[in-house]
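Okay, here's what each chain looks like letter by letter:
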Amino acid sequence: PVPNAYVTQSNNERTLTDARGTFALPLRWAKANTPIAIDATDRSGRTGTISVQLPAALNSSQNISIK
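Calculation rules
Residues numbered from 1 in each chain as written. Predicted model: local features only at pLDDT ≥ 70, side-chain atom pairs only at ≥ 80, totals over all residues. Heavy atoms only, no water. Helix = DSSP H or I, 4+ residues; strand = E, 2+ residues; numbered from the N terminus. Buried < 20%, exposed > 50% of the residue type's maximum accessible area, 1.4 Å probe, protein only. Salt bridge = Lys/Arg side-chain N within 4 Å of Asp/Glu carboxyl O. Core = buried A, V, L, I, M, F, W, Y, C linked by side-chain atoms within 4.5 Å. Contact = heavy atoms within 4.5 Å.

## Focus: unusual backbone geometry
Phase 1: Looking along the chain, the bond that leaves Leu54 and enters Pro55 is cis, with omega of 5°.
Phase 2: With respect to the element layout, Pro55 can be found in the segment after strand S4 (47-53).
Phase 3: Backbone geometry at Asn4 places phi at a positive 60°, although glycine is not the residue there.
Phase 4: In this structure, Asn4 sits in the segment before strand S1 (6-9).
Phase 5: One non-glycine residue with positive phi stands out, namely Asn33, at about 60°.
Phase 6: Within the secondary structure, Asn33 sits in the loop between strand S2 (13-16) and strand S3 (35-41).
Phase 7: The class of Asn33 is exposed, set by a relative accessible area of 55%.

## Quick word on the pattern of salt bridges
Phase 1: Here the structure, examined in full by the defined rule, presents 3 salt bridges.
Phase 2: Residues Arg28 and Glu13 are paired through a salt bridge, measuring 2.8 Å at the closest nitrogen-oxygen approach. Residue Arg28 is found in the loop between S2 and S3, and its partner Glu13 is found in strand S2; the two are separated by 15 residues along the sequence.
Phase 3: Two residues, Asp18 and Arg20, come together in a salt bridge whose shortest N-O distance is 3.5 Å.

## Here we look at the nonpolar core
Burial of nonpolar side chains together is a common tendency in soluble globular proteins.
Phase 1: Counting residues in each nonpolar core, the largest one holds 13 residues, and the members touching the most others are Val7, Leu27, Ile36, Ile38, Val52 and Ile64.
Phase 2: Only S3 and S4 provide two or more residues apiece to this core.
Phase 3: The element that contributes the greatest number of residues to this core is S3, accounting for 3 residues.
Phase 4: Every residue in contact with Val52, bar those within four places of it in the chain, is listed here: Leu27, Thr34, Pro35, Ile36, Ile38, Ala57 and Gln62.

Read these as spatial facts, not as claims about activity.
Put into C-alpha cells, the structure is as follows:
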C-alpha cells in the first residue's frame, strides 16, 4: 500500500490514496465495454498502470503495482 499516491484516469478523474493506500475513482466519463487505463504515481515519481473495463469491473477491488 502506498499512501498519498496520485491516481488518475486520463485528464478526466483524479484522486489521492488514503493512509492505507486505498482509493475510489468515480470514472464518470468512462465508456462501457472499453478498456480504461488507471495510472498511479507515488511521491518519488514511480508509476504503475492497470486497465479496467466497465461494467465488469464495477464493485470489485483493483490493485495497481507501483514500480
